[in-house]
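# Summary of the model geometry
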Amino acid sequence: MVSASPPIAEPQSTGRRADARKRRLIGVGRRLGARIVAALVMIWAVATLTFFLVHALPGNPVQVQYETLLSHGVPPAQALKETRIIYGFVSHEPVVNQYGSYLWQLLHLNLGQSISYSGVSVSHLVLAAAPWTVILVLSGLVVSFLLGVLAGAVAAVRRTSKLGDLLSISGSLLHGIPQFVMAVLLAYVFTTLLPVFPFGAPYDITVIPGWNLAYIGSLVSHAVLPVFAYALSSYGGWMLSMKSSVVSVLGDDFVLAAELRGLKPLTQLRYVARNALLPLFTVFALSIGFMFGGSIFIEDVFDYPGLGHLLLSSISARDYPLMSGTFLLITVAVILSNLLADLLYTFIDPRVRGQAS
Amino acid sequence: MLRTPGRVAGVVIIVGFAVMGLIGPWIYPHNLPVNANAIYAGPSLAHPLGTDFEGTDVLALLVTGARYVLLSALIAGLVAVVVGTTIGLVAGYLRGLTDLGLSRFTDFALTVPGIPLLVVLSTVYRFTSPYMMGVVLGLTGWGGLARAVRSQALSLRERPYLEAARGLGLPLRHILWRELLPNIAPYVAMNLLLAVIGSIYAETGLFFLGVLPAQVNNWGVMLNLAVFSAGAIGSPQALTYLLAPLVSILLLTLGIVLLLDAVDEIFNPRLRTL
Amino acid sequence: MRRRQSRDTASETAAGNEDGFEGLRVRDLTIVYGTEAGELAAVRGVDLDLPAGTITGLVGESGSGKSTLALAMLNAVPSPGRITAGSVTMSGVGDITRLRGRALRQVRGGVLGYVFQASQNSLNPLKRVGAQLLDLARSHGVAQPRLILGEAAKLCERMGLDATRVLSSYQHELSGGMRQRVGIVFALVLNAKVLILDEPTTALDMLSQAAVLEVVREIHAERRLATVIITHDIAVVAEMADRMVVTYAGRVVESGTAGDVLRYAAHPYTKALLRSIPRISGDISAAEPLPGRPPDLASIPTVGCVFRERCPLAMPICSDVDPATVSVGPGHTTACHLAAGPLAVPEQSEEVAG
């Protein structure tokens, strides 16, 4: 791995140093480009998967849609046009043309039109639902990340003490509880057995949405349980990975070196913390992607009108354009955040930056 | 293997659920009796875990529901492990274009979020059969293992004994299954158990969401009916009805985790000496 | 470089150099490890003088306690080990084993420069070398931390490194030899008086070894350091050291000038160790490997000579009585019953030539 250098001086002119820097920049640029292309290919693959899923649906809903329109007295040409607006393609063409038509619509960011909310575009519905999910999961993610990282660090440093054991057990226990179990338990305990929080809906129907205290207060009190359901079910994962990360960094030679060089305790702590957090940041960025689809259980239990809720209701309403559009958006969010995580890693880890060239 | 009480408990839990799954459908009638006079009855001798919204015995629901859960989770775990290990080994050992293709495929499988995909798939397939459910769950859950096995295969292939095997011109099949696999077997065994846990969560979760047909008897269905149809979540009397499937899921997971701990110790010499 | 000395260290200064000794002095040092099998001594009753201006080679097989001994010089024995008896006295500082907290921290990396066995990875991988030097300066209360960079740059150039490049590099951008040299820069940049090199050459190729050792020798002479090289490589000691100390199972079994010990080895262990080295000129089969294995912590005898199990000349007395340290020549001592025969003079004082 490490090549030994010759014992003689290693002269390096300023020109060569500038060269090296330029090479490194080009390397980062190339890496960035490659990642973006890979992400685009991935989005194309997911779109293809979605297309064939809609195709595999039992009972050919696209044809059914067309025939329904006909039976309502719509002229065939008009019915074809409307079906194309709804699904992005019609089933009268060869599959290749259908696929091409579907992709062409997607390229224009057109996800089709909802059936259950008749006349409303899928993009519109999806964009209206997304903020609920983002707010819910982002707060849950931040709460669990902060708690988990803190507890994990303490558990690692005090791993031979009672406190360390206790924290580790708390992590393993919570890590083992699936999200829907957590959601149901929290809902049952805190809205039925001890009714301290309101149940269901993102805010009381009595308050008027807007910038008023009643609305915001209602939003917050309705969000507490869902946010904690999310936070508690992901806390264990953060806690356990932070613990193992800190334990492994504490065993690194440079940590002992820092101690034997008499660095301030705070500086030593910074060294350990930064190295231990590094791998977790990438996971954090990845989680941002999974949050779009990751709160489906919680949204379902607490009747929260986010993307997961939209996906479920589209299925029970047999609103397939809405279903495939929501699914596509959820997946694209994952792909984009993978890309983000990758770039973030390049940015914060000098070793990866070095490899790029 | 059975030295510590924890592991004994783990084995007891798993054997207990397995027995439930095996004999459950025999000792209870196919259609469990309903009793309009005993709706949300508390625990009693006749109904140790109380009754549900129709007066059906909760214990009976639990026992008859175990088979679907266990069977599909086991199948899902096996499918995920076989697919993941094969793809990981082949990609890591062959490298080159094969690796590139398989790795991209793995990335793709890892990228598509599992639960939303399963929810969408539920509109295509009706998962009334636990076998079908297991296969589909397995086919959506092999990505992580494939990636991990690939990186292990990448490092193992540089070992002298494998270079020797290559030098001797042994067939690929022999190298993959006889030389490489035994080295990662402990890892694969642990991942089988982890995949089983993941599958239990995923399938009960799916049934809980109500996107799958409620005709089958399954803990997830129990929970779905309790929370969304029967309003048990708003009724303090329904405590045992609501808790029974939840606790079963957690207990089964606990049993597998305890077993995992035992497997870890058997295969990990570093832990064994401690 | 300005080092701020805490009152704690200053008050003990007087105790350290009453007799005018300059350097590091280890007396009767015992280090035990608390294990399930009870308290096991890794280092027992060690006396050692590291005078300024002298390079001491500390030699022993792996597991002989030499690295534990080196860490004890910084009062940094890793848990579950601890110093149970003895002292490590630094002239101008006092007994380092008594220092705690800030005072101890100031000594580490200040007066005592330590170069790691794993110097390959002794830097924070996420920070540039220069930034880590600034951390070092700030931690040691240097009035103008930036000045340390100039000092470090000078040291780098001495070691044949391109200072500007090295200071703006991350660890992974440096080769093994460069990292080792950077490790030495870190140890010396705050004007250390004692330089401890733990296995300084294990990870280096022959050419890098020679270059690194040459620079160490130069700087050692210039700054009149008390330098100690911990190694299992007798060649390094023969090349570099003025004095040589042989350890076995946590005991010092022989010490003297490097020339004396190499030529007139008195202890059977030293003799066996020297015989085990293959010579470049000569028959490779002439090298005799040392039979047996060094004892681990649990099997070190607590009474009698620690080497008796592997000693070809073991006598009944060796299992019952601890061998005393006796003088076998000027400044040349050994702990062996054979040497304590009628010819040997009991040790009086350890007169050390600077």
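Calculation notes
Residues numbered from 1 in each chain as written. Chains lettered and ligands numbered in written order. Predicted model: local features only at pLDDT ≥ 70, side-chain atom pairs only at ≥ 80, totals over all residues. Helix = DSSP H or I, 4+ residues; strand = E, 2+ residues; numbered from the N terminus. Buried ≥ 20, exposed ≤ 12 C-beta atoms within 10 Å, placed from the backbone. Contact = placed C-beta atoms within 7 Å. Rg over C-alpha atoms; globule rule 2.2 N^0.38 Å. Axes fitted to C-alpha atoms, helices over the stretch in contact; angles between N-to-C directions. Parallel < 35°, antiparallel > 145°, perpendicular 65-115°, else oblique. Left-handed = near helix turned anticlockwise from the far one by under 90°. Nonpolar A, V, L, I, M, F, W, Y, C, P; charged D, E, K, R; others polar. pLDDT = per-residue confidence, 0-100. Pairing = 2+ DSSP bridges. Core = buried A, V, L, I, M, F, W, Y, C linked by C-beta atoms within 7 Å.

## Points about the overall build of chain C
Counting its regular elements, chain C contains 12 helices and 13 strands. For chain C, buried positions account for 50% of its 354 residues. Sequence-distant contacts in chain C: of pairs separated by 6 or more residues, those separated by 24 or more amount to 63%.

## Examining the overall build of chain A
What chain A contains, in helices and strands, is 14 helices and zero strands. Traced from its N-terminal end to its C-terminal end, chain A shows the element sequence α-α-α-α-α-α-α-α-α-α-α-α-α-α. Relative to the globule expectation of 21 Å for 357 residues, the C-alpha radius of gyration of chain A, 26 Å, shows a markedly less compact shape. For chain A, the residues scored as buried account for 39% of the 357 residues in total.

## Focus on the packing of helix 2 (residues 61-71) of chain A against helix 3 (residues 76-87) of chain A
All names here are of chain A. Contact geometry for helix 2 and helix 3: axes closest at 9 Å, N-to-C directions at 140°. In terms of their interaxial angle, helix 2 and helix 3 are classed as oblique. Between helix 2 and helix 3 the crossing geometry is right-handed. Touching Val 62, Gln 65, Tyr 66, Leu 69 and Leu 70 of helix 2 are Pro 76, Ala 79, Leu 80, Glu 82, Thr 83, Ile 86 and Tyr 87, all from helix 3. A class-by-class count of the residues in the contact of helix 2 with helix 3 yields nine nonpolar, two polar and one charged.

## Quick notes on the interface of chain A and chain B
Between chain A and chain B, the contact holds 34 residues from the first and 27 residues from the second. Broken down by secondary-structure element, the contributors of at least two residues to the side of chain A that touches chain B are helix 1 (14-56), helix 7 (179-193), helix 10 (265-294), helix 11 (296-302), helix 12 (307-316) and helix 13 (320-348) of chain A. Top contributing element to the side of chain A that touches chain B by residue count: helix 7 of chain A, with eight residues. Considering only residue class, the side of chain A that touches chain B consists of 28 nonpolar, five polar and one charged.

## Some remarks on the environment of B:Gly65
Residues and elements named next belong to chain B. Mapped onto the secondary structure, Gly 65 falls in helix 2 (residues 58-94). Taking the number of C-beta atoms within 10 Å as the measure of exposure, Gly 65 has 27 and is therefore buried. Distance in space between the C-alpha atoms of Gly 65 and Gly 21 is 7.5 Å, their sequence separation being 44 residues. If sequence neighbours within four positions are ignored, Gly 65 has contacts with Asn 217, Asn 218, Trp 219 and Met 222.

## Re the environment of B:Ile197
Residues and elements named next belong to chain B. Relative to the helices and strands, Ile 197 is located in helix 8 (residues 172-209). By the C-beta count within 10 Å, which is 21 here, Ile 197 ends up buried. Setting aside residues up to four positions removed in sequence, Ile 197 forms contacts with Thr 253 and Ile 256.

## Quick look at the confidence of the model for chain C
Residues and elements named next belong to chain C. Looking at chain C, the pLDDT average stands at 80 and 87% of residues meet or exceed 70. Taken element by element, chain C is modelled with least confidence in helix 1 (residues 7-16), mean pLDDT 42, and with most confidence in strand 3 (residues 55-59), mean pLDDT 91. In the predicted structure, residues 1-17 sits below a pLDDT of 50 and forms 40 contacts with residues beyond four places in sequence or in another chain. Note that pLDDT drops below 50 for residues 342-354; the model gives that stretch 18 contacts with residues more than four away or on any other chain. What the predictor reports for the complex is a pTM of 0.77 with an ipTM of 0.80.

## Describing the packing of helix 5 (residues 122-157) of chain A against helix 6 (residues 162-175) of chain A
Residues and elements named next belong to chain A. At a minimum axis distance of 8 Å, the contact between helix 5 and helix 6 shows a crossing angle of 135°. When the axes of helix 5 and helix 6 are compared, the pair comes out oblique. The crossing of helix 5 and helix 6 is left-handed. Side by side, helix 5 and helix 6 meet where Ala 151, Val 154 and Ala 155 of the first sit next to Leu 163, Gly 164, Leu 167, Ser 168 and Gly 171 of the second. Classifying every residue of the contact of helix 5 with helix 6 gives five nonpolar, three polar and no charged.

## Overview of the confidence of the model for chain A
For chain A, per-residue confidence averages 80 on the pLDDT scale, and 92% of positions sit at 70 or higher. Scored below 50 in pLDDT, residues 1-13 of chain A shows 30 contacts in the model against residues more than four places distant or in partner chains.

## What about the pairing of strand 12 (residues 332-335) of chain C?
Regular strands place side chains that alternate from one sheet face to the opposite one. Residue and element names in this part refer to chain C. Of the two faces of strand 12, both are covered, the one formed by His 332 and Thr 334 as well as the one formed by Thr 333 and Ala 335. Direction of pairing for strand 10 (residues 251-257) relative to strand 12: antiparallel, over a ladder of two bridges. Paired with Glu 254 across the bridge in strand 12 is Thr 334. Linking strand 11 (residues 325-329) back to strand 12 in an antiparallel pair, the connection comprises two residues, with Gly 331 at a positive phi of about 65°.

## Some words on the environment of B:His30
All names here are of chain B. Within the secondary structure, His 30 sits in the loop between helix 1 (5-27) and helix 2. On the basis of neighbour count, His 30 is assigned to the exposed category, with 7 C-beta atoms found within 10 Å. Counting along the chain gives 54 residues from His 30 to Gly 84, while the straight-line C-alpha distance between them is 37 Å.

## Some remarks on the nonpolar core
With 265 residues, the main nonpolar core has A:Ala183, A:Val184, C:Ala72, C:Val185, C:Val194, C:Ile196 and C:Ile229 as its most contacted residues. Among the elements that line this core, the one with the most residues is helix 2 of chain B, at 21 residues. Leave out the neighbours within four places in its chain, and C:Val194 touches C:Leu24, C:Leu50, C:Met90, C:Val111, C:Leu112, C:Gly113, C:Leu225 and C:Ala226.

## A word on the pairing of strand 8 (residues 226-231) of chain C
Residues and elements named next belong to chain C. Burial of strand 8 is extensive: six of the six residues sit out of reach of the surface. Of the two faces of strand 8, the one carrying Ala 226, Val 228 and Ile 230 and the one carrying Thr 227, Ile 229 and Thr 231 are both buried. The sheet contact formed by strand 3 and strand 8 spans five bridges and is parallel. Pairing of Thr 56 across the sheet is with Val 228, part of strand 8. Sheet topology note: the strand 7 (residues 194-198)/strand 8 ladder contains five bridges and is parallel. Bridge pairing links Val 194 to Ala 226 in strand 8.

## A few points about unusual backbone geometry
Glycine aside, the phi torsion of most residues is negative, and most peptide linkages are trans. All names here are of chain C. Note that the residue after Ser 79, namely Pro 80, is joined by a cis bond; omega there is 10°. The phi torsion at Asn 75 lies on the positive side, around 50°, for a residue other than glycine. For Asn 75, the position within the fold is in the loop between helix 2 (66-73) and strand 4 (81-90). A positive phi angle, near 50°, is found at Ala 249, a position not held by glycine. Structurally, Ala 249 is set in the loop between strand 9 (243-248) and strand 10.

## Here's the deal with the sheet that holds strand 4 of chain C
Residue and element names in this part refer to chain C. Here we have four strands laid out as an open sheet, ordered 2-1-4-5, and antiparallel in their pairing. Looking at strand neighbours, the two that pair on one side only are strand 2 (38-51) and strand 5 (94-95), the edges of this open sheet. As paired elements, strand 1 (residues 23-35) and strand 4 share eight bridges and run antiparallel to each other. Looking at strand 4, one finds that Tyr 33 is bridged to Gly 81. Across the sheet, helix 2 touches strand 1, strand 2 and strand 4, and the angle it forms with strand 2 is around 65°.

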